[in-house]
6 protein chains.
Amino acid sequence: MPFVNIKITKEGATPEQKAQLIAGATQLLVDVLGKNPATTVVVIEEVETDNWGVGGESITFRRKAGR
Amino acid sequence: MPFVNIKITKEGATPEQKAQLIAGATQLLVDVLGKNPATTVVVIEEVETDNWGVGGESITFRRKAGR
Amino acid sequence: MPFVNIKITKEGATPEQKAQLIAGATQLLVDVLGKNPATTVVVIEEVETDNWGVGGESITFRRKAGR
Amino acid sequence: MPFVNIKITKEGATPEQKAQLIAGATQLLVDVLGKNPATTVVVIEEVETDNWGVGGESITFRRKAGR
Amino acid sequence: MPFVNIKITKEGATPEQKAQLIAGATQLLVDVLGKNPATTVVVIEEVETDNWGVGGESITFRRKAGR
Amino acid sequence: MPFVNIKITKEGATPEQKAQLIAGATQLLVDVLGKNPATTVVVIEEVETDNWGVGGESITFRRKAGR
């Protein structure tokens, strides 16, 4: 019954990549804790680069500044 | 002052249905714990079916596979 | 497959009350959106009153001040 | 390494305002707890007014009702 | 800069298992999306079985009922 | 009606520091977006250092390694 929430910036992750994140995170819970994959939920949230900050700056700003 | 976060797949929930979720979740906290509805917050997040996984598969995939 | 997260202050909710929150939130998703209860997950998080604020004040402070 | 998640209704916050939220929340963690700003992450989530409720009513409804 | 939140029931996960979850989730983001591990954050939340519900029942209840 | 969730490692933040985080985060939303402080909620979550990872390692491990 684990619940995994993955937040990433919205920068073009494809459906195939998302499917890999879902499969991989589910398998991780199976391998490490023996959880039942049938009830393991993974939710991916994609966040605009204006809305994500690190080091006190938005990712939009950091991308422009080459950071 | 409770905070309720409801995550569902984005598959056409109407404003009326969302209003019912908000009213119902608020009433639940009033009924069970005697919370003040005026300060009970409900946030509904709708997640694309590509971004939601269960059983190691995305909901998009499961819908196509008839699961 | 909905996921419901209920955050409340840690002030003595009993196992019975938590069971009512779980049953009620699950039923709400069934009634309003026709979701499958078997895959509806509810997680209750209890937060110390020092760690919850509203109006710029902690709940601990507000309780002492009679608010 | 703090993580700050700010949820607001989607009502026209500008990139400049979001940058101020990111800078301000990061500085707050530095000032109060001496955290390293380089590893402080801020994520802003904007929620449709249909999807946010308080007092058992959606914000969409409350805006129309003049509340 | 991804952020991964893993919620599990509090049923004796060891520090070693948690370390494996942290390492595995971080590597997943590196492998699938080429993210920088140095800024990938993983937070594990352990939830009491009274506070986690599925199928409208708490995990405490389901464990006793042999489900 | 904003909701702010601050996750930090559990390493001795005092009630006074938490009160400062609550007051500061609330004021930030007032200053930047003109939000009503009376309905601004701040929830602080303190996470064990075993349960928080960055760079693929737990904070417990990093503290011991002097990182």
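A short tour of the structure in this document, coming up.

The subject of this paragraph is the packing of helix 1 (residues 15–33) of chain D against helix 1 (residues 15–33) of chain F. Contact geometry of helix 1 of chain D with helix 1 of chain F gives a least axis separation of 10 Å together with a crossing angle of 160°. Relative to helix 1 of chain F, the element helix 1 of chain D is oriented roughly antiparallel. Taken as a pair, helix 1 of chain D and helix 1 of chain F cross one another with a handedness that is right-handed. Every residue of helix 1 of chain F that contacts helix 1 of chain D at Q17(D), Q20(D), L21(D), G24(D), A25(D), L28(D), L29(D), V32(D) and L33(D) is listed here: Q17(F), Q20(F), L21(F), G24(F), A25(F), L28(F), L29(F), V32(F) and L33(F).

So, about the relation of the copies chain F and chain C. With an RMSD of 0.0 Å, the fit of chain F onto chain C corresponds to turning through 120° and sliding 0.0 Å along the axis. Here the copies are linked by what is in effect a three-fold axis. If distances are taken from each C-alpha of chain F to the rotation axis, the shortest is found for E45(F), at 5.7 Å. Little of the interface of chain F is mirrored in chain C, where only 7% of its interface residues are also at the interface.

As summarised here, the arrangement of the eight strands in space is 4(B)-3(B)-2(A)-1(A)-1(E)-2(E)-3(F)-4(F), forming an open sheet in which the pairing is mixed. Strand pairing shows two members of the sheet lacking a second neighbour, strand 4 (57–58) of chain B together with strand 4 (57–58) of chain F, which therefore form its edges. Of the strand pairs in this sheet, strand 2 (residues 41–47) of chain E and strand 3 (residues 52–54) of chain F are connected by three bridges, and their pairing is antiparallel. Within strand 3 of chain F, the position partnered with V41(E) by the bridge is V54(F). This element, helix 1 (residues 15–33) of chain A, spans strand 1 (3–9) and strand 2 (41–47) of chain A, strand 3 (52–54) and strand 4 of chain B together with strand 1 (3–9) of chain E of the sheet and lies at about 140° to strand 2 of chain A. Strand contacts of helix 1 (residues 15–33) of chain E: strand 1 of chain A, strand 1 and strand 2 of chain E together with strand 3 and strand 4 of chain F, with the helix running at about 140° to strand 2 of chain E, the strand carrying the most contacts.

What follows concerns the environment of S58(F). Tracing the backbone shows S58(F) in strand 4. By relative accessible area, S58(F) is classed as buried at 9%. Through-space distance from the C-alpha of S58(F) to that of E48(F) is 9.7 Å; in sequence the pair is ten residues apart. Those residues in contact with S58(F) that sit more than four places away from it in its chain are I22(E), T49(F), D50(F), W52(F) and G53(F). Among the polar contacts listed, one links the side chain of S58(F) to the backbone nitrogen of F61(F), at a separation of 3.1 Å.

Turning next to the interface of chain F and chain C. Contact with chain F, which involves 15 residues of that partner, is made by twelve residues of chain C. Between chain F and chain C lies a buried interface of about 1,000 Å² when both sides are counted; carbon and sulfur atoms form 56% of it. There are one salt bridge connecting chain F and chain C. Among the salt bridges present, the one from E45(F) reaches K7(C), with a minimum N-O distance of 2.9 Å.

For E45(E), the position within the fold is in strand 2. A distance of 3.0 Å separates the side chain of E45(E) from the side chain of K7(E), its partner in a polar contact. Once residues lying within four places of it in the same chain are set aside, the contact partners of E45(E) are E45(C), N5(E), I6(E), K7(E), I8(E), K7(F) and E45(F).

Glancing now at the relation of the copies chain A and chain E. Once turned by 180° and shifted 0.0 Å along the axis, chain A lies on chain E with an RMSD of 0.0 Å. Taken together, these values place the two copies in the relation of a two-fold axis. Residue N5(A) of chain A places its C-alpha closer to the rotation axis than any other residue of that unit, at 2.5 Å. The residues that chain A uses at the interface reappear at the interface of chain E in 100% of cases, marking a shared surface.

Looking now at the interface of chain A and chain E. Listed by partner, the interface residues are 25 residues for chain A and 25 residues for chain E. Buried area between chain A and chain E, both sides added, is near 2,100 Å², and the carbon and sulfur share of it is 73%. Per-residue buried area on chain A facing chain E is highest for M1(A), L28(A) and V32(A); these three make up 27% of the total on that side. Linking chain A to chain E there are zero salt bridges. Connecting chain A to chain E are seven residue pairs in polar contact (both at pLDDT 80 or more).

Below, the discussion takes up the sheet that holds strand 4 (residues 57–58) of chain A. Across the sheet, which stays open at both edges, the eight strands sit in the order 4(A)-3(A)-2(D)-1(D)-1(F)-2(F)-3(C)-4(C) with mixed pairing between neighbours. Both outer strands of the open sheet, strand 4 of chain A together with strand 4 (57–58) of chain C, are each paired with one neighbouring strand and no more. Contacts between helix 1 of chain D and the sheet are confined to strand 3 (52–54) and strand 4 of chain A, strand 1 (3–9) and strand 2 (41–47) of chain D together with strand 1 (3–9) of chain F, with strand 2 of chain D contributing the most and set at about 140° to the helix.

This brings us to the pairing of strand 2 of chain E. All names here are of chain E. With respect to burial, strand 2 is a largely interior element, six of its seven residues being buried. As paired strands, strand 1 and strand 2 are joined by seven bridges and run parallel to one another. In the strand pairing of strand 2, F3 is matched with V41. Handedness of the crossover joining strand 1 and strand 2 through helix 1 is recorded here as right-handed.

Taken as a whole and assessed by the stated rule, the structure comprises three aromatic pairs over all chains. Taken together, a centroid distance of 3.7 Å and an interplanar angle of 5° make the contact between F3(A) and F3(C) stacked. With one member in each of two chains, F3(A) in strand 1 and F3(C) in strand 1 (residues 3–9) form a pair that bridges those chains. By the burial criterion, F3(A) is buried, and F3(C) matches it.

What counts as what
Residues numbered from 1 in each chain as written. Chains lettered and ligands numbered in written order. Predicted model: local features only at pLDDT ≥ 70, side-chain atom pairs only at ≥ 80, totals over all residues. Heavy atoms only, no water. Axes fitted to C-alpha atoms, helices over the stretch in contact; angles between N-to-C directions. Helix = DSSP H or I, 4+ residues; strand = E, 2+ residues; numbered from the N terminus. Parallel < 35°, antiparallel > 145°, perpendicular 65-115°, else oblique. Left-handed = near helix turned anticlockwise from the far one by under 90°. Contact = heavy atoms within 4.5 Å. Least-squares fit on C-alpha atoms with pLDDT ≥ 70 in both. Pairing = 2+ DSSP bridges. Buried < 20%, exposed > 50% of the residue type's maximum accessible area, 1.4 Å probe, protein only. Polar contact = N/O pair within 3.5 Å; in protein donor to acceptor, adjacent residues only side chain to side chain. Buried area = accessible area lost by both parts, 1.4 Å probe. Salt bridge = Lys/Arg side-chain N within 4 Å of Asp/Glu carboxyl O. Right-handed = clockwise from strand over helix to strand, strands pointing away. Phe/Tyr/Trp six-rings, centres within 6.5 Å; stacked < 30°, edge-to-face > 60°.

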